[in-house]
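# Descriptive analysis of the structure
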Amino acid sequence: MPPWLLGSLCCVLAARAALGGGPAGAEAAAAEEEKLIRVLVLLPQDDAYLFSLGRVRPAIEYAVRSLRESGAGLPPGYAFQLTYEDSACGNRALFSLVDMVALHRRRPDLLLGPVCEYAAAPVARLAAHWDVPMLSAGALAAGFGAKGGEYSHLTRVAPAYAKMGEMLLALFRHHQWSRATLLYSDSNPERSCYFAMEGVHVVFQEEAFHMAVHSFDESSRHLDLDDVVRALQTGERVVIMCASGDTIRNIMLAAHRQGMTNGDYAFFNIELFNSSSYGNGSWRRGDKHDLEAKKAYSYLQTVTLLRTVKPEFEKFSLEVKSSVQKQGLHEDDYVNMFVEGFHDAILLYALALQEVLKFGFSKKDGEKIVQQTRNRTYEGIAGQVSIDANGDRYGDFSVIGMTDPEAGTQEVIGDYYGKQGRFEIRSNVKYPWNHGRLRLDESRVSEHTNNTPCKSSGGLGESAVTGIVVGALLGAGLLMAFYFFRKKYRITIERRTQQEDCNMGKHRQLREDSIRSHFSAA
């Protein structure tokens, strides 16, 4: 063979080898592909969100690094490849997923996020269709609990709002209450408070609790919180609220001025995410209303996530804080429910993948992996994480109350452990409200509906008395109609009676790409 021909043949063979040609090269490439776990993270770029990419990314990468360094978290040779896309808390999440698949002609092996309900719903449906596991510390609305069909591949690694509803149910049983007023702000596009109250409503409705429901737009220039509080007085005496910290404070101040902080009412507010988006239980602002607020807050208790801390958490918290500060973000608390949740999601996926591989399946068997994420308890960054059979994390919660009214000190007064369904009240807790006034049952309804007839008509004939009564009722009805008409258009408070809730409680599509809500029409 001529030397020039031999040289050309060698070059061709070398080129084929470099390009992975031949059966051996193809097998090696396939083996490498099998061990590369492609993860698509769909979170908003906007740092106004507590679950923005800037806040959560350091936690995800900390988890990946910990698994790699430990050598025990993933099977030998397996590695994560992380891709981050801006979900914008909307349709962009779905578009990013579709674009990625169209561009690379392959689907991701794991989806992390989205968090916002309206962004998560279409992504979850597509994940189920494509058999791709989806883990999120969001999508907390009650509608996502229906895992039998379109949300079958979703596992929630943060407690859903319905889990908070179960906690409040345990609290109500402890106090022997069965009636509540739900008051929430429905102003932001994500409708976080709406979905939080929906979770409570769903659980309470299953127990046939009587509920009055009020909503308001705290961003409205025409909002009058005095009117909001007056509306509360026509409802139940146990009030559960969800709004921003400043709005909660203003509601409590209005309630105090209207004489509702004398033991006849009990107030609870929801602070799940440790943020200004939720009532944070703090009465002090350094203004002239601090003294009034301190007195009012002695009748307010705050529902929040139970926080447990172990030595590893401190290291994790410091690393996350350092990474977030380098991006120019400076805040009081760098680790919240979402940051913890997405860290723990990586650990959960690794555990599930190991189990699937043991049985001879692969990373492409998404349904098998999803099954292995359920009915599982494992060690997360802040403590034990337990996922139920439906793919939802059990919620552990705390109740914070004022233990020293003089100093205004607020401390944890009770803890709820979701997996056990157990509520533990701290010893020597003194409640500010009058239990006898709050434990009201159907007798309260009869007070409003059963009027004692007059024994004497003062000499008037029966027809005259009837005419007067009918006329008075019609006049009162017209006055009430005018009052409520004016009130509705003046402060835009939406009040739903129990009958309206029942009529509108069926599954309805909130938007074209929305979840299906149990609560009411949007």
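Note on numbering: residues in each chain are counted from 1, in written sequence order. The predicted nature of this model means local features are confined to residues of pLDDT at least 70 and side-chain atom pairs, given and counted, to a pLDDT of 80 or more, with totals for whole chains, interfaces and linings taken over all residues. The side-chain figures draw on all heavy atoms in the structure; neither hydrogens nor water molecules are used.

Now for the overall build of the protein chain. Within the protein chain, the regular secondary structure consists of 17 helices and 18 strands. Partly exposed residues are those whose accessible area sits between 20% and 50% of the maximum for their type, while under 20% is buried and over 50% is exposed, using a 1.4 Å probe and protein chains only. When burial is assessed residue by residue, the protein chain has 49% of its 522 residues classed as buried. By sequence separation, contacts in the protein chain at least 24 residues apart represent 70% of the contacts at least 6 residues apart. Counting every atom, the protein chain has about 24,900 Å² of accessible surface; 52% of that belongs to carbon and sulfur. A run of H or I in DSSP counts as a helix once it spans at least four residues, and a run of E counts as a strand once it spans at least two, with each numbered from the N terminus. Between two residues, a contact is recorded if the distance between any of their heavy atoms is within 4.5 Å. Each accessible area is a Shrake-Rupley result for a 1.4 Å probe, and residues are judged covered by the shown protein chains and nothing else.

Expected helix span is taken as 1.5 Å per residue step, with the number of steps being one fewer than the number of residues. Between its first and last C-alpha, helix α11 (residues 311-326) extends 24 Å over 16 residues, near the 22 Å set by a 1.5 Å rise per residue. Within α11 the residues assigned to the buried category are F313, F316, V320 and V324. With its buried residues spanning 65 degrees around the axis, α11 presents them on a single face. Opposite the buried face of α11, at more than 90 degrees from it, the exposed residues are P311, L318 and K326. The elements touched by buried residues of α11 are α3 (53-70) and α12 (337-358). Phi turns positive one or two residues past the end of α11, at G328, with a value near 90 degrees. The arc under discussion is defined with respect to the helix axis, by the directions toward the C-beta atoms.

As a further point, take the pairing of strand β11 (residues 376-379). Side chains of β11 alternate between two faces, with R376 and Y378 buried and T377 and E379 left unburied. Any two strands are treated as partners once DSSP identifies two or more bridges connecting them. Where β11 meets strand β12 (residues 384-387), four bridges bridge the pair, whose relative direction is antiparallel. Residue R376 lies in a different strand from β12, and its bridge partner there is I387. Hairpin remark: β11 followed by β12, antiparallel, with four residues in the connecting loop; positive phi at G383, about 150 degrees.

Moving on, we get to the nonpolar core. Considering soluble globular proteins, one finds that nonpolar side chains tend to be buried as a cluster. What is meant by a nonpolar core is a set of buried Ala, Val, Leu, Ile, Met, Phe, Trp, Tyr and Cys residues, joined one to another through side-chain atoms within 4.5 Å. Counting residues in each nonpolar core, the largest one holds 117 residues, and the members touching the most others are L112, F204 and I240. For this core, the element with the highest residue contribution is α12, accounting for 13 residues. Excluding its chain neighbours within four sequence positions, the residues that come into contact with I240 are L168, F172, A180, T181, L182, L183, M197, V200, F204, F268 and I270.

What makes a salt bridge here is a side-chain nitrogen of Lys or Arg within 4 Å of a carboxyl oxygen of Asp or Glu, nothing more. Across all of its chains, the model carries 25 salt bridges by this definition. Its salt-bridge partner being D186, residue R191 comes within 2.7 Å of it at the nearest N-O pair. Overall, D186 belongs to the partly exposed group, its relative accessible area being 23%. Note that D415 is salt-bridged to R426, the shortest N-O span being 2.6 Å. Separated by 11 residues along the polypeptide, D415 in strand β14 (residues 409-417) and R426 in the loop between β15 (422-425) and α14 (435-438) bring together distant segments of the chain. The exposure class assigned to D415 is buried, which follows from its relative accessible area of 6%. Judged by its relative accessible area of 40%, R426 is partly exposed.

Quick look at the environment of M211 now. Here M211 lies in strand β7 (residues 210-216). Residues M211 and A180, 31 residues apart in the sequence, show an inter-C-alpha distance of 5.0 Å.

A separate point is the environment of A266. Tracing the backbone through its elements, the reader meets A266 in strand β9 (residues 266-270). In sequence terms A266 and P432 are 166 residues apart; their C-alpha atoms lie 8.3 Å from each other.

The axes are straight lines fitted to the C-alpha atoms, using for helices just the contacting stretch, and the angles between their N-to-C directions are given from 0 to 180°. It is at 8 Å that the axes of helix α4 (residues 92-104) and helix α5 (residues 117-130) come closest, and there the two elements cross at 30 degrees. Here A93, L94, L97, V98 and V101 of α4 come into contact with α5, specifically with A119, P122, V123, L126 and W130. Each residue gets one label: Ala, Val, Leu, Ile, Met, Phe, Trp, Tyr, Cys and Pro are nonpolar, Asp, Glu, Lys and Arg are charged, and the others, such as Gly, are polar. Looking at side-chain class alone, the contact of α4 with α5 contains 10 nonpolar, no polar and no charged residues.

This part covers helix α8 (residues 225-232). Of all eight residues that make up α8, six are buried, and the element is covered over most of its length. The complete set of buried residues in α8 reads L225, D227, V228, V229, A231 and L232. Definition of a polar contact: a pair of N or O atoms within 3.5 Å, with one able to donate and the other able to accept a hydrogen when the atoms are protein atoms, and with sequence-neighbouring residues admitted only if both atoms are side-chain atoms. The distance from a side-chain oxygen at the start of α8 to the backbone nitrogen of D226 is 3.0 Å, and the residue carrying that oxygen is D224.

Quick look at the side chain of S386 now. Looking at the element boundaries, S386 is found in strand β12. Taking the relative accessible area as the measure of exposure, S386 reaches 11% and is therefore buried. Within the structure, the side chain of S386 is placed 2.9 Å from the side chain of T377, a separation counted as a polar contact. Setting aside anything within four residues of it in sequence, one finds S386 in contact with R376, T377, D392, R393, Y394 and K419.

Two cysteine sulfurs form what is called a disulfide whenever their separation falls within 2.5 Å. Taken as a whole and assessed by the stated rule, the structure comprises two disulfides. Two residues share a disulfide in this structure: C193 and C242, whose sulfurs sit 2.2 Å from each other. On the S-S bond that ties C193 to C242, the torsion sits near -70 degrees, and the link is left-handed. Of the two residues, C193 is situated in helix α7 (residues 192-206) and C242 in strand β8 (residues 238-242); the sequence distance between them amounts to 49 residues. Across the pair, exposure class does not vary: C193 and C242 are buried alike. Each bonded cysteine of the protein chain is numbered by sequence order, and under that numbering the disulfide pairs are 1-2, 3-4.

The next thing to look at is the sheet that holds strand β3 (residues 110-112). Across the sheet, five strands lie side by side as β2-β1-β3-β4-β5; this open sheet has parallel pairing. Sheet topology places β2 (79-86) and β5 (154-156) at the edges, where each strand pairs with a single neighbour. Going from strand to strand, the sheet's axes swing by 25 degrees on average, the running direction of each strand aside. Lying over the sheet, α3 contacts β1 (36-43), β2 and β3, oriented at roughly 175 degrees with respect to β2. Taken strand by strand, α5 contacts β1, β3 and β4 (134-136), and its axis lies near 150 degrees from that of β4.

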